[in-house]
Amino acid sequence: MPRLLKGFLAGPMAEVDEIIFACRQLNYDPHWYANFGYYAENAERKAYRAMGRLCKLNLRTGKVTPLLDDPKGTVRDPQVHYDGRKIIFSYRKGDSEDFHLYEINTDGTGLKQLTKGQYNDIEPTYLPDGGIMFCSNRCNRWVNCWLTQVAVLYRCDADGSNIRPISSNNDHDNTPWPLPDGRVLYQRWEYVDRSQVHYHHLWTTNPDGTAQMVYYGNLHPGTVMIDAKPIPGTDKVVAVFSPGHGQREHNGQITIVTPKAGPDEKASARPVSRGSNFRDPYPFSEDCFLVAQSTRLLVMNGRGETNEIHRLPAQLAQNGVQCHEPRPLRPRPRERVIPPRVDLKRTTGRLVLTDVYYGRRMEGVKRGEIKKLLVLETLPMPIHYSGGMEPISSGGTFILERILGTVPVSPDGSAYMEMPAMRGLFFVALDENNNSVKRMQSFLTVMPGETTSCVGCHEHRTSTPVNRVRNPLQALTQPPSKIAPIPGIPDLFDFPRDIQPILDKHCVKCHAYEKTDDSGPRAGGVILSGDHGPLYSHSYYTLTIWRQFADGRNLPKSNLLPRSIGASASPLMKKFDGSHYDAKATPHELDMIRYWIESGAPYPGTYAAVGSGMIGGYHENRQDISELQWPSTVRATEAIKRRCAHCHDRFLPLPIALSHDRRAPPRRGQPGYSPRHLVFNLTRPEKSLILLAPLSSKACGYALCKPRGRTGEPDKSMTVFANTNDTDYQTILSLCRGGKKRLDQIKRFDMPGFRPLPSYIREMKKYGILPENLAADAKIDVYAADRAYWRSLWWRPDNQIKSNQ
């Protein structure tokens with residue numbers, strides 16, 4: 001018997017004779033969350049594999065007893081009941097595509113299915129109140145930056161009935177597990193105006209979904225904190241810290257977290273394992289753990305030393321089967337039962353904010369400065385096709401953010417509001433001029449009938465509410481404020497529909513292709529016309545690369561300084577005050593721009609735009625890249641190399657860039673950008689900058705590009721194209737016309753006759769938004785379809801009944 005195991009069986013594991021564990025093939029997808037369901041562009045492509053087994057291992061004899069063996073199925077996430085007599089787990093039968101919750105007796109008899117339907121229910125945990133919490137894709141949403149489905153927290157009764165959501169997350173919740181005090185610890189992945197690959201940390205919730213709160217790490221990007229469990233006899237937890245955006249199968253470093261110093265103290269996390277290739281820790285003490293590693297099960301001590309206790313047979317290992325989720329087979333005490341605080345007949349909850357001025361990084365904000373809170377909603381995505389945010393934004397938000405309205409802040413900094421239940425909401429603090437002061441880069445949820453509170457704006461989580469004036473909070477002397485819509489402002493912005501008309505009125509008379517000065521287009525080459533580029537309009541991309549609006553930029557930063565993000569930090573707002581060449585917007589136009597920026601500055605106002613209408617978009621790259629190589633592409637590539645490479649050798653905007661991004665380095669204060677989004681005009685091909693810049697002014701070009709003379713220096717007396725009859729000019733023009741023809745065929749969301757992708761229609765039928773018998777040529781109002789989809793996710797008392805069907 002291995003030395004460590006022998007010592008553990010005489011100590012913290014003395015009452016453990018047997019353990020259970022699952023086996024299954026290693027997933028193909030490298031993402032830690034992509035392990036159920038199908039892929040967006042092809043529903044026949046599955047994210048799971050097979051050869052599932054549920055096994056029992058006798059630690060003292062080494063005997064392995066299969067409890068369930070399904071070579072075509074998948075077994076995962078077992079947990080032993082409090083009485084030690086049965087096991088709950090997630091199981092996809094070999095003849096099924098869906099994972100459901102099952103129970104089985106510890107001797108392998110009495111297999112019973114608990115949940116059903118065309119859903120995937122995974123990662124179950126028994127609750128001390130007799131219920132079950134688990135993760136499920138019943139939420140009908142997709143990862144905002146990948147092509148697989150999302151699973152969030154749900155709960156049900158012991159027999160699988162009364163299923164209802166606990167979370168409103170747009171992205172994954174994972175691995176719930178009860179703490180001794182009755183709360184449930186879990187991993188929450190989120191990105192509201194910040195990086196999509198850096199924020200997946202530990203959170204807690206009551207078993208009924210109330211009091212959702214960060215537990216550890218939400219301000220420290222770069223680690224997936226998952227598979228966390230309490231360490232007996234301590235207030236600490238053990239978890240897997242999977243590096244970066246996480247590794248396949250939750251692999252990472254076994255880590256102990258001490259919560260006493262609050263969620264932001266980096267020193268509270270102590271690595272245990274020697275390496276980042278372990279998973280599924282089960283603690284018996286701070287010095288004794290069960291863990292899985294590839295095809296092995298191990299015991300590990302607090303110094304990271306390990307002993308192997310089981311290795312899969314070679315035949316299984318050669319087929320890619322690995323070990324997962326070792327758990328002791330023994331009774332265990334129930335955790336504390338927290339009485340429910342929800343009223344499921346209600347559709348709203350209430351939130352009390354004690355003091356908006358109390359919190360982290362509130363430097364320079366004076367009392368009385370904040371007058372109201374802008375309330376926004378993060379909108380789930382019905383389908384997604386790539387790892388990027390395109391075309392929702394260019395390097396910014398991945399999601400559409402709906403403006404619900406505002407609630408007042410009392411003079412003492414308090415606020416009391418009624419909010420829609422079970423929806424992801426966040427705030428922007430506004431001053432008396434509706435300028436943003438501080439932005440919340442996370443989201444909160446209130447449950448039906450819940451009344452909850454927060455101390456302040458990004459408050460220190462180690463603090464409790466303080467009544468500084470020894471009087472009741474002023475906000476609590478009145479009934480809760482209802483969210484007041486903003487008159488004349490759309491709740492959801494669409495750039496071509498809502499912002500481009502303002503630019504057309506005030507900007508395009510100067511910032512157009514036709515208006516030039518000695519250096520090309522006026523104002524340094526800034527184009528604000530709405531002409532289509534390969535993915536975006538030229539105006540939208542120009543505002544983006546010139547940083548005319550301040551958003552989160554998909555960066556691993558949050559809790560930013562006051563007035564450093566949002567409309568108040570956006571140069572575009574100042575361009576319309578009359579000081580910029582007499583461009584003066586009306587108050588309503590200023591508000592339109594202001595709230596467009598505060599809602600994430602999106603390009604489309606519909607998720608139907610994702611994966612469609614993009615020349616060179618991610619979806620098209622996989623689906624029909626051959627169609628992108630129209631004959632003129634090859635000829636134009638050679639022409640551009642021949643006429644442009646002597647100056648633009650590193651970042652040529654080659655035609656192949658119509659199907660691949662090539663990021664150029666920052667230029668003139670701009671962030672990294674892709675030239676293709678500006679140089680190709682797919683609305684008016686002859687206005688493409690790749691043609692105008694090297695064309696002589698006599699031929700109505702900009703004459704910006706000069707051929708090199710014998711000395712190797714640009715010859716300022718000449719231009720690359722003397723006239724439009726140049727053969728290479730005509731070749732490149734043919735390419736641009738081919739791009740326009742292609743875009744006219746596939747159509748963008750703002751073009752007449754636009755129709756969403758078949759996979760969008762497939763999912764909307766599945767959700768019950770579009771009729772199953774929809775005609776192939778039927779017109780679809782995608783804006784209305786999106787709204788119907790979001791409404792279908794709202795909490796209503798009858799949702800609980802529907803979720804069981």
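Engineer: Just checking my understanding: could you explain the sheet that holds strand β25 (residues 348–355) for this structure?
Structural biologist: As a general point, the strands of a sheet are linked pairwise by backbone hydrogen bonds and lie either parallel or antiparallel. Read from one edge of the open sheet, 4 strands run β31-β25-β28-β32, paired in mixed fashion. The open sheet is flanked by β31 (451–456) and β32 (481–482), the only strands paired with a single partner. Of the pairings in the sheet, the one linking β25 to β31 comprises 5 bridges and is parallel in character. Within β31, the residue paired with Leu 353 across the bridge is Cys 454.

Engineer: So what exactly am I meant to see when it comes to the pattern of salt bridges here?
Structural biologist: Under the defined criterion, the tally for this structure stands at 44 salt bridges. In this structure, the salt-bridge partner of Glu 598 is Arg 439, at a minimum N-O distance of 3.0 Å. Note that Glu 598 is positioned in helix α7 (residues 587–598) and Arg 439 in strand β30 (residues 436–439), a separation of 159 residues in sequence. Across the pair, exposure class does not vary: Glu 598 and Arg 439 are buried alike. Between Asp 726 and Arg 643 there is a salt bridge; the shortest N-O distance is 3.0 Å. Placement of the pair is Asp 726 in the loop between α12 (689–692) and α13 (727–746) and Arg 643 in helix α10 (residues 631–644), with a sequence separation of 83 residues. The burial state of Asp 726 is the same as that of Arg 643; both residues are buried. In this structure, a network of salt bridges that share partners links the residues Glu 377, Arg 402, Arg 423, Asp 491 and Arg 787.

Engineer: Please clarify how the nonpolar core should be interpreted in this entry.
Structural biologist: It is characteristic of soluble globular proteins that their nonpolar side chains tend to be buried jointly. Counting 160 residues, the largest nonpolar core has Ile 370, Leu 373, Phe 427, Trp 596, Tyr 607 and Tyr 760 as the members making the most contacts within it. Per element, the largest residue contribution to this core is 7 residues, and it comes from α13. Counting residues in hydrophobic clusters, the runner-up holds 25 residues, among them Cys 23, Cys 55, Ala 292 and Val 299.

Engineer: I would appreciate a short explanation of the sheet that holds strand β1 (residues 18–25) in the present structure.
Structural biologist: One open sheet accounts for 4 strands, arranged β3-β2-β1-β24; its pairing is antiparallel. Only two strands of the sheet have a single partner each, and these edge strands are β3 (64–70) and β24 (321–328). Looking at each pair of strands side by side, their axes are set apart by 20° on average, direction ignored. With 6 bridges joining them, β1 and β24 adopt antiparallel strand pairing. Residue pairing across strands places Arg 24 opposite Gln 322, the latter belonging to β24.

Engineer: It is not clear to me how the packing of aromatic side chains should be interpreted in this structure. Could you clarify?
Structural biologist: Any pair of aromatic rings gets described here by the distance separating the centres and the angle formed by the planes. On inspection of all chains with the given rule, the structure shows 27 aromatic pairs. Ring centres of Trp 177 and Tyr 282 lie 6.1 Å apart, and the angle between their planes is 75°; this geometry places the pair in the edge-to-face category. One end of the pair, Trp 177, is in strand β12 (residues 173–178); the other, Tyr 282, is in strand β20 (residues 279–285), and 105 residues separate them in sequence. Assigned by exposure class, Trp 177 and Tyr 282 land together as buried. When the ring of Tyr 540 is compared with that of Trp 596, the centres are 6.4 Å apart and the planes differ by 75°; the resulting orientation is edge-to-face. Linking Tyr 540 in helix α5 (residues 538–545) with Trp 596 in helix α7, this pair joins segments that are 56 residues apart in sequence. We note that Tyr 540, like Trp 596, is buried. Each residue in the set Phe 495, Tyr 536, Tyr 540, Tyr 541, Phe 549, Trp 596, Tyr 603 and Phe 749 is aromatic and connected to the rest through ring pairs, giving one cluster. Of note, Arg 76 hangs over the ring of Phe 99, and the distance from its end group to the ring centre comes to 5.8 Å.

The rules behind these values
Residues numbered from 1 in each chain as written. Predicted model: local features only at pLDDT ≥ 70, side-chain atom pairs only at ≥ 80, totals over all residues. Heavy atoms only, no water. Pairing = 2+ DSSP bridges. Helix = DSSP H or I, 4+ residues; strand = E, 2+ residues; numbered from the N terminus. Salt bridge = Lys/Arg side-chain N within 4 Å of Asp/Glu carboxyl O. Buried < 20%, exposed > 50% of the residue type's maximum accessible area, 1.4 Å probe, protein only. Core = buried A, V, L, I, M, F, W, Y, C linked by side-chain atoms within 4.5 Å. Axes fitted to C-alpha atoms, helices over the stretch in contact; angles between N-to-C directions. Phe/Tyr/Trp six-rings, centres within 6.5 Å; stacked < 30°, edge-to-face > 60°. Lys NZ or Arg CZ within 6 Å of the ring centre and 35° of its normal.

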